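Each chain is listed here by its residues.
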There are 2 protein chains.
Amino acid sequence: MAKRSFTDPQITLQHGAGGEATRQLVEGLFAPAFANDTLAAMEDAAALNADGLRLAFTTDTFVVHPRNFPGGCLGSLAVHGTLNDLAVSGADPIGLSAAFVLEAGLDTSELRAQTEAMAEAARKAGVPIVTGDTKVVEHGSVDGLYINTSGVGVIRPSADLGPNRVRPGDAVLVSGPIGDHGVTILISRGEIELEADLKTDSRSVLPLTSALLDQLGSGVRWMRDATRGGVATVLNELVGGRPFGVVLEEQEIPVRDPVRGCCELLGLDPLHVANEGQFVAIVAGDRADEAIRALRNVEGGSDARIIGVVTDEHPARVVGRTSFGAKRVIDVLVGDPLPRIC
Amino acid sequence: MAKRSFTDPQITLQHGAGGEATRQLVEGLFAPAFANDTLAAMEDAAALNADGLRLAFTTDTFVVHPRNFPGGCLGSLAVHGTLNDLAVSGADPIGLSAAFVLEAGLDTSELRAQTEAMAEAARKAGVPIVTGDTKVVEHGSVDGLYINTSGVGVIRPSADLGPNRVRPGDAVLVSGPIGDHGVTILISRGEIELEADLKTDSRSVLPLTSALLDQLGSGVRWMRDATRGGVATVLNELVGGRPFGVVLEEQEIPVRDPVRGCCELLGLDPLHVANEGQFVAIVAGDRADEAIRALRNVEGGSDARIIGVVTDEHPARVVGRTSFGAKRVIDVLVGDPLPRIC
């Protein structure tokens with residue numbers, strides 16, 4: 001990818017929104033300072049070699065606001081988010097960490113509820129929370145409670161994932177309806193007045209990624225959970241600077257009605273809205289149907305869908321095609337950050 | 001250890017100070033919720049089994065205030081702290097993560113300086129920062145900049161460390177003068193008016209722990225870096241509920257003059273003050289001199305000292321003995337938290 005330098009004099013909310021500004025900060029400031037090949041790969045989880053064993057290692061801090069929303073909370077999100085980064089790396093997670101920054105004055109009842117939600121999410125996924133840290137700062141020095149989770153997993157020997165494995169003719173699939181998390185948070189904040197029967201999609205995608213890898217092995221080329229910046233952002237990160245692009249069949253992209261309605265009201269594209277329980281996968285084109293069958297056999301996989309194809313016709317670009325054949329370029333989100341969505 | 005329940009209705013600064021209140025929170029709330037044997041071991045790093053390979057995994061969030069102080073800064077501290085947790089676990093670190101929570105409006109120049117300090121500390125230790133995360137929250141929702149680092153290491157096959165390996169007659173050693181970090185931070189905050197030629201001890205202790213393990217192998221029984229709560233706290237955690245105690249020879253404990261002076265002024269015991277580049281080790285009694293020689297051969301190890309002995313005379317207690325033979329119980333810090341020391 002082209003080298004970027006970071007020249008903004010101050011940090012703004014956009015730098016945390018997962019779009020172009022975030023990319024500039026990461027590629028222009030952090031990556032050059034920490035320069036190493038593993039970080040340069042810019043995957044959701046780093047691949048580490050430990051005496052010949054391939055490990056995946058990832059970290060995320062969760063600052064979602066509000067901390068409780070339909071279908072989930074900060075605590076469950078913090079566990080699912082890190083599990084999912086390991087899952088899309090083809091790893092079987094072996095342990096999570098939990099590091100809390102607490103505001104003095106926080107009610108213990110809330111801390112207990114968030115902690116129990118973390119414990120429940122971890123238990124359900126069968127992955128233990130094995131180490132932690134607690135810091136308390138003065139009232140006003142943090143907004144209640146932030147949680148960092150990091151995770152370690154063992155990458156399956158059969159998993160061979162990476163942008164370099166993607167080729168024209170491969171199929172693009174999504175594990176289910178997109179945008180549920182982001183829109184749920186917007187509604188919870190009161191940023192849009194809407195009575196919608198909608199909840200976050202926050203969940204562990206491990207059962208789904210496992211089923212896919214079990215069935216297709218190296219027929220799975222690449223996977224990524226579509227969090228901040230949504231499906232559009234992860235696909236743009238995939239194709240950026242590469243000799244291939246992606247065409248999405250817009251009518252195939254699963255979007256629930258309230259998400260579509262809310263996005264229309266706000267002028268948002270569901271492809272830019274954060275998900276916390278959906279991932280995008282690139283699979284060998286001739287095994288696409290097999291991939292969908294494998295996902296639909298798993299609880300929570302019934303809405304998986306092939307939404308597009310990898311092409312060499314427009315390298316480095318993500319293009320959407322409507323049912324009428326019209327095409328548009330689908331770029332990353334530049335303005336209008338949706339801060340604190342996770 | 002006796003089961004504790006956590007009944008405080010609100011979180012206070014004391015719960016983050018590393019003393020008795022922190023222990024109550026961790027043992028009374030987090031540990032029961034996340035219940036698993038690895039976490040229950042309550043070591044600085046968790047030991048994970050990855051296909052037969054022993055891994056160490058640890059996490060810490062750094063919220064030190066002020067962010068720059070003599071001899072170090074938030075960024076270097078964040079790297080050293082996590083490296084040291086791996087080091088005292090007998091692990092060779094293979095990768096660190098860096099997760100930032102940034103306040104909107106933070107000057108890029110400060111972020112760059114902290115990032116470069118992290119990179120420099122990691123480079124010096126020879127351990128790459130391989131994965132990261134960036135969140136930005138509204139002005140006022142975080143105090144500038146907090147950094148979480150997590151780390152993964154491979155535990156040396158020859159390392160056999162744990163409280164269960166400690167026995168009466170073992171020697172207690174400390175790697176150098178205690179209290180430098182905590183007192184440096186207090187002076188930097190202006191909490192005490194003192195012109196002292198003092199700087200933080202923040203550093204990676206990896207060269208020291210490596211030398212010790214290389215020389216003594218399983219003759220090293222247990223190690224712990226003496227951060228929040230100081231040497232007194234880590235030794236009390238070691239002996240708590242166990243059939244042995246520790247006697248410290250008070251005149252052998254290395255303390256620099258400005259630290260001693262400052263502690264006297266503030267009514268603090270240097271044994272309760274945080275260190276960020278010193279560790280306590282328990283080694284086989286008949287190999288104590290060999291241990292000290294090994295440490296003194298390493299740069300930064302010249303002030304290592306035997307400061308006490310493990311005894312079965314007063315189980316579960318840490319006792320200090322003055323040169324006049326008087327004895328006192330050295331407990332953990334209960335009141336007077338020193339918040340945001342790391």
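Residue numbers run consecutively from 1 along every chain, following the written order of its sequence. Chains and ligands are labelled by the order in which they are written, letters from A for the one and numbers from 1 for the other. Note on the predicted model: pLDDT of at least 70 is required for a residue's local features to be given, and 80 or more for side-chain atom pairs to be given and counted; whole-chain, interface and lining totals, by contrast, use all residues. As a convention, hydrogens and water are excluded, and side-chain values are obtained from all of the structure's heavy atoms.

### Concerning the overall build of chain A
Turning to step 1, where the next piece is worked out: Strands are runs of DSSP state E lasting at least two residues, helices are runs of H or I lasting at least four, and both sets are numbered from the N terminus onward. Each helix and strand in chain A was counted, giving nine helices and 14 strands.
Turning to step 2, where the next piece is worked out: Seen along its three principal axes, the alpha-carbon backbone of chain A occupies a region of about 55 × 55 × 45 Å.
Turning to step 3, where the next piece is worked out: Counted over contacts in chain A with a minimum sequence separation of 6, partners at least 24 positions apart contribute 82%.
Turning to step 4, where the next piece is worked out: In this description, accessible areas are obtained by the Shrake-Rupley approach with a 1.4 Å probe, and a residue is regarded as covered only by the protein chains that are shown. Surface summary for chain A: the accessible area is close to 12500 Å², and the carbon and sulfur share equals 47%.
Turning to step 5, where the next piece is worked out: Between the centroid of the 30 positive side chains of chain A and the centroid of its 45 negative side chains there is a distance of 4 Å. Every residue pair with non-hydrogen atoms within 4.5 Å of one another is taken to be in contact. In this tally, Asp and Glu contribute negative charge and Lys and Arg positive charge; neither His nor the terminal groups of the chain are included. To locate a charge, the coordinates of NZ of Lys, CZ of Arg, CG of Asp or CD of Glu are taken.

### What to know about the domain arrangement of chain A
Residue and element names in this part refer to chain A.
Turning to step 1, where the next piece is worked out: How far each domain reaches was decided by an automatic or database domain assignment. With domains assigned, chain A is organised as domain 1 (45-155) and domain 2 (163-329).
Turning to step 2, where the next piece is worked out: Once you take the C-alpha centre of each, domain 1 and domain 2 turn out to be 24 Å apart.
Turning to step 3, where the next piece is worked out: Buried surface at the junction of domain 1 and domain 2, both sides included, amounts to about 1600 Å², of which 64% is carbon and sulfur.
Turning to step 4, where the next piece is worked out: Put simply, buried area is the surface a 1.4 Å probe can reach on two separate parts but cannot reach once they are joined, added for both. Interface area lost by domain 1 to domain 2 is led by Pro70, Asn84 and Val88, which between them contribute 33%.
Turning to step 5, where the next piece is worked out: Take a side-chain nitrogen of Lys or Arg and a carboxyl oxygen of Asp or Glu: if they are within 4 Å of each other, that pair is a salt bridge. One can count zero salt bridges joining domain 1 with domain 2.
Turning to step 6, where the next piece is worked out: We define a polar contact as two N or O atoms separated by no more than 3.5 Å, with the added condition that, inside protein, one atom must be a possible hydrogen donor and the other a possible acceptor, whereas residues neighbouring each other in sequence contribute only through side-chain atom pairs. Across the contact surface, domain 1 and domain 2 share seven residue pairs in polar contact (both at pLDDT 80 or more).
Turning to step 7, where the next piece is worked out: Broken down by secondary-structure element, the contributors of at least two residues to the side of domain 1 that touches domain 2 are α3 (74-87) and β5 (91-103).
Turning to step 8, where the next piece is worked out: Looking at which element gives the most residues to the side of domain 1 that touches domain 2, the answer is α3, with eight residues.

### Side note on the pairing of strand β13 (residues 318-321) of chain B
All names here are of chain B.
Turning to step 1, where the next piece is worked out: Strands are treated as partners if at least two bridges between them are detected by DSSP. Pairing of strand β10 (residues 245-249) with β13, which is carried by four bridges, proceeds in the parallel orientation. The partner of Val247 across the bridge, within β13, is Val319.
Turning to step 2, where the next piece is worked out: In this structure, β13 lies alongside strand β14 (residues 327-329), joined through three bridges in antiparallel fashion. When the sheet's bridge partners are listed, Gly320 is paired in β14 with Arg328.

### Concerning the environment of Thr108 of chain B
Turning to step 1, where the next piece is worked out: Along the polypeptide, Thr108 of chain B turns up in helix α4 (residues 108-125).
Turning to step 2, where the next piece is worked out: Of the residues examined, Thr108 of chain B reaches a relative accessible area of 4% and is grouped as buried.
Turning to step 3, where the next piece is worked out: In sequence terms Thr108 of chain B and Ala226 of chain B are 118 residues apart; their C-alpha atoms lie 33 Å from each other.
Turning to step 4, where the next piece is worked out: With sequence-adjacent residues up to four places away left out, Thr108 of chain B is seen in contact with Phe6, Asp8, Pro9, Gln10, Ile11 and Leu29 of chain A. Buried means the residue's accessible area, taken with a 1.4 Å probe over protein chains only, is under 20% of the maximum for its type, while exposed means over 50%, and partly exposed covers the values in between.

### As for the pairing of strand β8 (residues 171-174) of chain B
Residue and element names in this part refer to chain B.
Turning to step 1, where the next piece is worked out: Burial along β8 is two-sided: Ala171 and Leu173 facing one way and Val172 and Val174 facing the other are all buried.
Turning to step 2, where the next piece is worked out: Summarising the sheet, β8 and strand β11 (residues 279-283) pair through four bridges and their orientation is antiparallel. Each bridged residue has a counterpart across the sheet, and for Val172 the counterpart in β11 is Ile282.

### Some details on the side chain of Asp170 of chain A
All names here are of chain A.
Turning to step 1, where the next piece is worked out: Structurally, the position occupied by Asp170 is in the loop between β7 (145-155) and β8 (171-174).
Turning to step 2, where the next piece is worked out: Under the relative-accessibility criterion, Asp170 is labelled buried at 2%.
Turning to step 3, where the next piece is worked out: Separated by 3.0 Å, the side chain of Asp170 and the backbone nitrogen of Arg167 make a polar contact.
Turning to step 4, where the next piece is worked out: Polar side-chain contacts of Asp170 include one of 3.1 Å to the side chain of Arg221.
Turning to step 5, where the next piece is worked out: Aside from chain neighbours lying at most four places away, what touches Asp170 is Arg165, Arg221, Ile282, Val283, Ala284, Gly285, Gly308, Val309 and Val310.

### What to know about helix α1 (residues 20-33) of chain B
Residue and element names in this part refer to chain B.
Turning to step 1, where the next piece is worked out: Here, expected helix span is obtained from the residue count minus one, scaled by 1.5 Å. The end-to-end C-alpha distance of α1 is 19 Å, a good match for the 20 Å that 14 residues give at a rise of 1.5 Å each.
Turning to step 2, where the next piece is worked out: Here the bend at a residue is taken as the angle between two axes, fitted respectively to the seven residues that end there and the seven that start there. Along α1, the sharpest change in direction is near 30° and occurs at Val26.
Turning to step 3, where the next piece is worked out: For α1, a buried count of 11 out of 14 residues is recorded, marking the element as mostly surrounded by other parts of the structure.
Turning to step 4, where the next piece is worked out: Along α1, the residues classified as buried are Glu20, Ala21, Thr22, Arg23, Leu25, Glu27, Gly28, Leu29, Phe30, Ala31 and Ala33.

### Quick look at the nonpolar core
Turning to step 1, where the next piece is worked out: Put simply, buried Ala, Val, Leu, Ile, Met, Phe, Trp, Tyr and Cys residues joined by side-chain atoms within 4.5 Å make one nonpolar core. If you look at the biggest cluster of nonpolar residues, it comprises 99 residues, and the most contacted ones within it are Phe100, Leu111, Leu235 and Leu248 of chain A together with Phe34 of chain B.
Turning to step 2, where the next piece is worked out: Of the residues forming this core, the biggest block, seven residues, is contributed by α3 of chain A.
Turning to step 3, where the next piece is worked out: Each of domain 1 (45-155) and domain 2 (163-329) of chain A contributes no fewer than three residues to this core.
Turning to step 4, where the next piece is worked out: The residues touching Leu111 of chain A, leaving out its near neighbours within four places in the chain, are Phe100, Leu102, Leu106 and Leu145 of chain A together with Ile11, Leu25, Leu29 and Phe30 of chain B.
Turning to step 5, where the next piece is worked out: The next biggest cluster of nonpolar side chains, apart from the first, holds 98 residues, and it includes Val79, Leu83, Leu111 and Leu235 of chain B.

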